[in-house]
Structure formats: structure tokens, C-alpha cells
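Structural overview
Chain residues, written in single-letter form:
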Amino acid sequence: MSHRVALALVAEALADAEDDWWLVGGAAVALQGFDIPIADIDVLMSRRDIVRIIARLRIAPVEGVAIDRIRSEIWARWTVPPLAVDLMTGLQVRTGERWTLVAPGTRQSVDVDGRTLYVPARAELIDILRLFGRPKDLERAEGLARIA
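What comes next is a walk through the structure. (Residues numbered from 1 in each chain as written. Predicted model: local features only at pLDDT ≥ 70, side-chain atom pairs only at ≥ 80, totals over all residues. Heavy atoms only, no water.)

This brings us to the packing of aromatic side chains. Counting across every chain of the model gives one aromatic pair. When the centroid spacing of 5.2 Å and the interplanar angle of 90 degrees are considered together, the rings of Trp21 and Tyr118 count as edge-to-face. In this pair, Trp21 is assigned in the loop between helix H1 (2–13) and strand E1 (22–24) and Tyr118 in strand E9 (residues 115–119), connecting sequence segments 97 residues apart. The ring of Trp99 carries Arg71 above its face, with NZ or CZ at 3.9 Å from the centroid. The residue whose ring lies beneath Arg107 is Tyr118, and the NZ or CZ to ring-centre distance is 3.4 Å. (Phe/Tyr/Trp six-rings, centres within 6.5 Å; stacked < 30°, edge-to-face > 60°. Helix = DSSP H or I, 4+ residues; strand = E, 2+ residues; numbered from the N terminus. Lys NZ or Arg CZ within 6 Å of the ring centre and 35° of its normal.)

This is the structure we're talking about:
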């Protein structure tokens, strides 16, 4: 149940966001109906919102973060919720020699305990997971495709 508390805190923290935002990664997969454990919560948002929200939450941003094949313009980890929440803007994935911006074009609302969260549409989330290409992402993409 700690993930429900964390998701509620995310929804509350982002309620006044000016631009669209999405959960991506494991939390989005779980909210789209593929039952997996949620280790953390990944949130993709605009630069304008991340700067304002991390200041309000008193989180130190890290700019230009790159981990393996993934990088983001700004990344910040919020550790107050029972699950860590990674806030990102300008998320990119390297495929070969090219960096591809992850910019969802779809947005679906999901209600969790009376709070609204947003995820990419299932088909787009599957494509995003396949773009990441890590074994866990490919497994999640196939799981979502099976329940589609």
C-alpha cells in the first residue's frame, strides 16, 4: 500500500502543474493494468513545472543527468513519499548513436483513491518501453501488449 500513498502525494504535489505531465515506467505500467511491483515513481514534466515544483518541495535538482542510455535535462529525486519519486524533464533515450526525446503525445487520467494521475495511452506506453529497450522494459511492454 505504500505505493498508493506515494501516488497520492505525487497527485497532490502536481495538482497545480501548468503543463501536462505523465507517470512513466513501472508506476505507469501498473496503472495501465499490468500488475507489477512498483519500486519507484517516474514523472515526466515540463521544465517550467519542474523548476517551480522542486523549489516548492525543496529538492535539489541535478542538471544533465546521464545514466547508461538515459539522460534528462533536469532530474530530481523526492524522497519524502514512501517510494522515491524521480521528477524529470527533457528525458532522452540513446538508441545506437542517436538520442531520442521521450515526449508522450497521449495522456490518460487514472483515478487512485480519488486523486488524478496521468499516464500515456497504453499503446504509446508500450512504444516508450520498447524504446528504452532494457530487459525489464521489454518484459513490461509485452505484458501490457498481452492485456491490450
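Attention now goes to the nonpolar core. Side chains of nonpolar character tend, in soluble globular proteins, to be buried together. Val10, Leu23, Ile41 and Val43 are the most contacted members of the largest nonpolar core, which has 36 residues in total. In terms of residues, this core owes the most to one element, H1, which gives five residues. In contact with Val10, other than residues within four places in its own chain, are Trp21, Leu23, Ile41, Val43, Trp78, Val85 and Leu117. Core analysis: the next-biggest nonpolar cluster, separate from the first, contains 10 residues, Trp22, Leu44, Ile70 and Val93 among them. (Core = buried A, V, L, I, M, F, W, Y, C linked by side-chain atoms within 4.5 Å. Buried < 20%, exposed > 50% of the residue type's maximum accessible area, 1.4 Å probe, protein only. Contact = heavy atoms within 4.5 Å.)

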